[in-house]
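Structural features, examined
Each chain is listed here by its residues.
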Amino acid sequence: MILAAGGIFLLILPRFLGRYFTHLFTMIFFFGYLGTAWNILGGYAGQFSFGHAAFFGVGAFTSTLLQIHLGVNPWIGMFLGGVLGLLLGLFIGSLSFRYGLRGPFFALAMLALAEMLRLVAVEWMAVKYPLGITIPIRDSSLLYFQFASKAPYYYISLFMAAAVLYLTRIIEERRMGSYFKAIRENESAAEALGINAFRYKLWAMAISSFLTAVGGTFYAQYYLNIDEEAVFGVAVSIEVLLGPIIGGAGTVFGPILGATILEFLSEMTRNFLRGYSGVHLMVYGTVLVVVIIFLPSGILGGLQMGYRKLSKGR
Amino acid sequence: MSLPGLPLLLQSIVSGILMGGVYGLIAIGLTLIFGVMRIINFAHGSFMMLGMFTTYWLFIVLGIDPYLSLLISIPLLFVLGLIVERFLIAQVLDAPEYNQLLLTLGISLFIENFALFLWSPNFRALNVPYVKKTATVGTLMISLPKVIAFLFAIFFTVLLYYFLRKTDLGKAIRASSEEKEGALTVGINLRRIYYVAFGIGTACVGAAGTLIAPFFYVNPHVGGVFVITAFVVVVLGGMGNLIGALVGGLIIGLAESLGAAFLPGQLKQFIIYFIFILVLLFKPEGLFERRSG
């Protein structure tokens, strides 16, 4: 009931919002979407990726290049980018999980992967596209995934966020979600119970990398311009995981809550300290430090634990 | 290889080794912190950047010679390390590994963007008169500040080595790194050891920042360039292995400069990350057997 009311509210919201707030909400849904995708691998399955920019960039580049050079429709490019991202995820995942990379070491390997892709892009772009790749502007239409107004992007990002939240919910209710959590909490114990940890970690990786790459295409179509730093940079990997960490990794709504808090904070600091680029990252850093020290499992994770303690006490 | 390639090869080997010494010094700070506290310090590059800016401002405002500013940057970064350890890192020593990583990430986001706020993203350079000097030996060109940086880096490494070998505090640090419970049983105050080890680690990277400043641009994000290389060096040398970090630094310095000479553009970095992933996958304990100190 509340969900339905909330949904209707969000559907009619753009009618009352100006361009600025429509953009702000689009960013919340978009980073909520990316965070939720990261959360499946990093939050539920406990495989902490520090290089999701690799998948994001693969998605953005695939659909953009296909569109420019072969005239492939961006929606098809979005899907193909997702598939490429998934294949890359399976590749690095099977290597990392086969050789038992865990915790921070997996995180660092993912970081190195994203950086490798960024360097290849730098090298290649410097010759062909020194100013980044611009997608030619066409008529506003759903078919071309290009719109002159902000509202259609708002609805697409809202749909993407809702879909991935629903997917997370399904995963959580099914056996797969329990397997993910078992692997996260104690991998050897999970294996002793007969869970094929390798296989389920790869499942989490596949879902997460596919969705993240799809997000890359949304980014490309929203800004109609991509460059290697914006899609493969370390900053992307960091922004993707901040939402879930702050909101609560391994919870359904944590990433979207985190994204909401971060986007509002970032807008506030930008308004407060105009002309200083990067100041919002200073605030992000502070929030991250505070959350890690005082709410180590994020805001929702902390609430959950507090609730459990209370109900046990009774 | 054809004959004209030979001078280039020699040149790359020399500059690779010189830079490798500095990488070693950066990595030793990182590996010391990891060896003792099991923490991967993402803020390491930010501390280096602070070392560079210390030298930069002392030179610009007070005209202090960059190498003389070591006397200020080292204690400054040591104290800063103590403060960060005491008030932030110490809070998460029992937290899951990735939370520790995230905490240091948060610290680095804060430091770097605060620096950006204060000092703008402009690329700055130290214009010290003798910095442009290069010695020519046959066909070899050797830049003076790189030689100085290398010699200082080796000097600090040796100093740290003897500190860890010969002094009681150093021995206690090594003991805590090798056998935590044992160290506790013989009455070593682990809290204090963590505190000091982190401070020494940041002091090392602060020194490295000062040494690099005369021949590298200074900018709030400069640490990011070095911190990933430092991770590679640390993993290559074996996490927590000091000598391994120095040797790893030299290897990466060489790989980088040879790569720069014989591969186009940024691909030298590509090779380094590739080595990194291979080592993580197939030889996570590093290339050398773990020997602390």
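Summary of the structure given here. (Residues numbered from 1 in each chain as written. Chains lettered and ligands numbered in written order. Predicted model: local features only at pLDDT ≥ 70, side-chain atom pairs only at ≥ 80, totals over all residues.)

Brief notes about the interface of chain A and chain B
Listed by partner, the interface residues are 35 residues for chain A and 37 residues for chain B. At the level of elements, helix 5 (103-128), helix 11 (234-247) and helix 13 (279-294) of chain A are the ones that each hand at least two residues to the side of chain A that touches chain B. A total of 15 residues in the side of chain A that touches chain B trace back to one element, the largest contributor, which is helix 5 of chain A. Considering only residue class, the side of chain A that touches chain B consists of 29 nonpolar, 4 polar and 2 charged. (Contact = placed C-beta atoms within 7 Å. Helix = DSSP H or I, 4+ residues; strand = E, 2+ residues; numbered from the N terminus. Nonpolar A, V, L, I, M, F, W, Y, C, P; charged D, E, K, R; others polar.)

Observations regarding unusual backbone geometry
Residue and element names in this part refer to chain A. A positive phi is found at Phe 145, a non-glycine position, where the angle reads about 60°. By secondary structure assignment, the location of Phe 145 is in the loop between strand 1 (133-134) and helix 6 (151-173). By C-beta crowding, Phe 145 is classed as buried, having 24 other C-beta atoms within 10 Å. Its identity as a non-glycine residue notwithstanding, Leu 224 has a phi of 55°, on the positive side. For Leu 224, the location among the structural elements is in the loop between helix 9 (197-223) and strand 2 (225-226). (Buried ≥ 20, exposed ≤ 12 C-beta atoms within 10 Å, placed from the backbone.)

Quick word on helix 6 of chain A
Residue and element names in this part refer to chain A. Between its first and last C-alpha, helix 6 extends 33 Å over 23 residues, near the 33 Å set by a 1.5 Å rise per residue. Along helix 6, the residues that are buried comprise Tyr 153, Tyr 154, Ser 157, Leu 158, Met 160, Ala 161, Val 164, Thr 168 and Ile 171. Tucked inside the fold, the buried residues of helix 6 contact helix 1 (2-12), helix 2 (19-44), helix 7 (175-185), helix 9 and helix 12 (254-272). (Expected span 1.5 Å × (residues − 1).)

Let's talk about the environment of Leu 242 of chain A
Mapped onto the elements of the fold, Leu 242 of chain A is located in helix 11. Distance from Leu 242 of chain A to Leu 90 of chain A, taken between C-alpha atoms, is 24 Å for residues 152 residues apart in sequence.

Here's the deal with the pairing of strand 2 (residues 140-143) of chain B
All names here are of chain B. As defined by bridge partners, strand 1 (residues 134-137) adjoins strand 2 across 4 bridges and the pair is classed as antiparallel. Residue pairing in the sheet places Val 137 in a bridge with Leu 140 of strand 2. What sits between the antiparallel neighbours strand 1 and strand 2 is a turn of 2 residues, in which Gly 138 has the positive phi angle 60°. (Pairing = 2+ DSSP bridges.)

Remarks on the packing of helix 5 of chain A against helix 4 (residues 97-119) of chain B
Here helix 5 of chain A crosses helix 4 of chain B at 50°, and the two axes come no closer than 8 Å. Here helix 5 of chain A is positioned oblique relative to helix 4 of chain B, judged by the angle of their axes. Across the interface between the two elements, Gly 103, Pro 104 and Ala 107 of chain A of helix 5 of chain A pack against Glu 97, Tyr 98 and Leu 101 of chain B of helix 4 of chain B. For the contact of helix 5 of chain A with helix 4 of chain B, a count of residues per class yields 4 nonpolar, 1 polar and 1 charged. (Axes fitted to C-alpha atoms, helices over the stretch in contact; angles between N-to-C directions. Parallel < 35°, antiparallel > 145°, perpendicular 65-115°, else oblique.)

Points about the nonpolar core
Leu 288 of chain A together with Val 22, Ile 26, Ala 197 and Ala 208 of chain B are the most contacted members of the largest nonpolar core, which has 186 residues in total. Per-element accounting of this core gives the leading share, 15 residues, to helix 1 (residues 5-37) of chain B. Residues within four places of Leu 288 of chain A in sequence aside, it is in contact with Leu 242, Ile 245 and Ile 246 of chain A together with Leu 102, Leu 105, Gly 106 and Leu 109 of chain B. (Core = buried A, V, L, I, M, F, W, Y, C linked by C-beta atoms within 7 Å.)

Thoughts on the environment of Val 205 of chain B
Residue and element names in this part refer to chain B. Here Val 205 lies in helix 8 (residues 190-212). Take Val 205: there are 32 C-beta atoms within 10 Å of it, and that puts it in the buried class. Through-space distance from the C-alpha of Val 205 to that of Phe 42 is 12 Å; in sequence the pair is 163 residues apart. The contact partners of Val 205, leaving out residues within four places of it in the chain, are Ile 26, Gly 29, His 44, Phe 47, Met 48 and Gly 51.

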